[in-house]
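What follows is the residue order along each chain.
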Amino acid sequence: MTFSETLRAATWSDHESAEGESYLTELMAGRLSAEEYGEMVAQHYFAYLALDGAAERLADHPVAGRFVFPSLYRQRALERDLATIYGPTWESRIAPSKATRTLVARIEQVSDWPGGYIAHHYTRYMGDLSGGQFIRMELQKIYGYGKGGGVDFYVFDEIGSLPRFKNEYRARLDALALDEAEGQRIIREVRLAYQLNTEVLAELLHTVRSAA
């Protein structure tokens, strides 16, 4: 198998665990208020500040730079979403959760290792470009958001065809000059990234239920 196929097969159960987290179940069922949805958007904001900040630092790296796509950066889209949900004072309404701080710390910790950056980039963005598109459509139905704020995080108009982009992304993964040890190290980091992102959702669910 190619590396992208091996990576997907080795981490599929972790991916399914993240998608099956009950916070998303509650969200997709329309049982959360817009503000409770905003809690997830806020945690994404802090995670993507770290991830896209790492991308900017690694743009000229001969390996990691192949996985730097300014057209994917999410900060501005997330700011529009937060302003739509919480209003102009959104910055005073949000804070990173404990789980998000752990995720951010890990992204920053491994960002000087190309494989570590790629692992977290792959985990987040390939999910956003795949299952994230279904989430966007459901959220538009539930909350009535359109382009311009609310679900802009999931809108990737600048990259053109999503299937074509994902195929190119996989081709770049397959072109990495990896020995067995490095490939397995990246796979372990992807699995950890899924775990950390799942813990963010679990903490969100606890926050929502505690406030009920």
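Up top you'll find the structure we're talking about.
Residues numbered from 1 in each chain as written. Predicted model: local features only at pLDDT ≥ 70, side-chain atom pairs only at ≥ 80, totals over all residues. Heavy atoms only, no water.

Peer 1: Report on the side chain of Asp-152, specifying residues and quantitative values.
Peer 2: With respect to the helices and strands, the residue Asp-152 is situated in the loop between helix H7 (131-143) and helix H8 (162-174). For Asp-152, the side chain forms a polar contact with the main-chain nitrogen of Gly-148, separated by 3.0 Å. Residues contacting Asp-152, with those up to four places away along its chain left out, are Arg-74, Ala-77, Arg-80, Asp-81, Gly-146 and Lys-147. (Helix = DSSP H or I, 4+ residues; strand = E, 2+ residues; numbered from the N terminus. Polar contact = N/O pair within 3.5 Å; in protein donor to acceptor, adjacent residues only side chain to side chain. Contact = heavy atoms within 4.5 Å.)

Peer 1: Please set out H7 residue by residue, giving values where relevant.
Peer 2: The end-to-end C-alpha distance of H7 is 18 Å, a good match for the 18 Å that 13 residues give at a rise of 1.5 Å each. Restricting attention to buried positions, one finds in H7 the residues Gly-132, Gln-133, Ile-135, Arg-136, Glu-138, Leu-139 and Tyr-143. Its buried side turned inward, H7 meets helix H2 (22-28), helix H3 (34-57), helix H6 (114-128) and H8. Once H7 finishes, Gly-144 follows within two positions and takes phi at roughly 75 degrees, a positive value. (Expected span 1.5 Å × (residues − 1). Buried < 20%, exposed > 50% of the residue type's maximum accessible area, 1.4 Å probe, protein only.)

Peer 1: Help me get a handle on the packing of H3 against H6, residues and values and all.
Peer 2: For any two helices packed against each other, the geometry comes down to the angle between their axes and how far apart the axes lie. As a packed pair, H3 and H6 sit with axes 11 Å apart at the nearest point and diverge in direction by 130 degrees. By the angle between their axes, H3 is oblique relative to H6. Between H3 and H6 lies a crossing whose hand is left-handed. For the pair formed by H3 and H6, the contact residues are His-44, Tyr-48, Leu-51, Asp-52, Ala-54 and Ala-55 on the first element and Tyr-117, His-120, His-121, Arg-124, Tyr-125 and Asp-128 on the second. Its residues placed into classes, the contact of H3 with H6 shows six nonpolar, three polar and three charged. (Axes fitted to C-alpha atoms, helices over the stretch in contact; angles between N-to-C directions. Parallel < 35°, antiparallel > 145°, perpendicular 65-115°, else oblique. Left-handed = near helix turned anticlockwise from the far one by under 90°. Nonpolar A, V, L, I, M, F, W, Y, C, P; charged D, E, K, R; others polar.)

Peer 1: Lay out the pattern of salt bridges in plain terms, naming residues and giving numbers.
Peer 2: For the structure shown, the criterion picks out eight salt bridges. Where Asp-152 meets Arg-80, a salt bridge forms, and the shortest distance between an N and an O atom there is 2.7 Å. A residue pair is termed long-range when its members are at least 10 positions apart, and Asp-152 in the loop between H7 and H8 and Arg-80 in helix H4 (residues 75-86) qualify at 72 residues. Here Glu-138 makes a salt bridge to Lys-141, at a shortest N to O gap of 3.3 Å. (Salt bridge = Lys/Arg side-chain N within 4 Å of Asp/Glu carboxyl O.)

Peer 1: So what about the packing of aromatic side chains? Which residues, and what values?
Peer 2: Under the defined criterion, the tally for this structure stands at 14 aromatic pairs. For the ring pair Phe-153 and Tyr-154, a centre distance of 4.7 Å and an interplane angle of 75 degrees mean the geometry is edge-to-face. Taken as a pair, Phe-153 and Tyr-154 share a single burial class, namely buried. The interplanar angle of 50 degrees and the centroid separation of 6.4 Å between the aromatic rings of Phe-165 and Tyr-169 together place this pair among those described as tilted. Taken as a pair, Phe-165 and Tyr-169 lie in helix H8 at a separation of four residues, close to a single helical turn. The exposure class assigned to Tyr-169 is buried, which follows from its relative accessible area of 1%. Ring-pair connections join several aromatic residues into one group, and the members of that group are Tyr-48, Tyr-125, Phe-153, Tyr-154 and Phe-156. Sitting above the plane of the Trp-12 ring, Arg-8 keeps its charged end 4.5 Å from the centroid. Its end group placed over the ring of Trp-113, Arg-185 keeps NZ or CZ at 3.6 Å from the ring centre. (Phe/Tyr/Trp six-rings, centres within 6.5 Å; stacked < 30°, edge-to-face > 60°. Lys NZ or Arg CZ within 6 Å of the ring centre and 35° of its normal.)

Peer 1: Describe empty space enclosed by the protein, and please don't skip the residues or the numbers.
Peer 2: This model, assessed by the stated rule, comprises two cavities of 30 Å³ or more. Considering the residues around the second largest cavity, the lining is formed by Ala-47, Tyr-48, Leu-51, Leu-103, Ile-107, His-120, Arg-124 and Asn-197. Only H3, helix H5 (98-110) and H6 provide two or more residues apiece to the lining of the second largest cavity. With three residues, the single largest contributor to the lining of the second largest cavity is H3. When grouped by side-chain class, the residues that make up the lining of the second largest cavity number five nonpolar, two polar and one charged. (1 Å grid on protein atoms, 1.4 Å probe; cavity = no way out; pocket = protein on both sides within 12 Å on 5 of 7 lines; lining within 4 Å. Points joined across faces, edges and corners; volume = space filled by probe spheres on them.)

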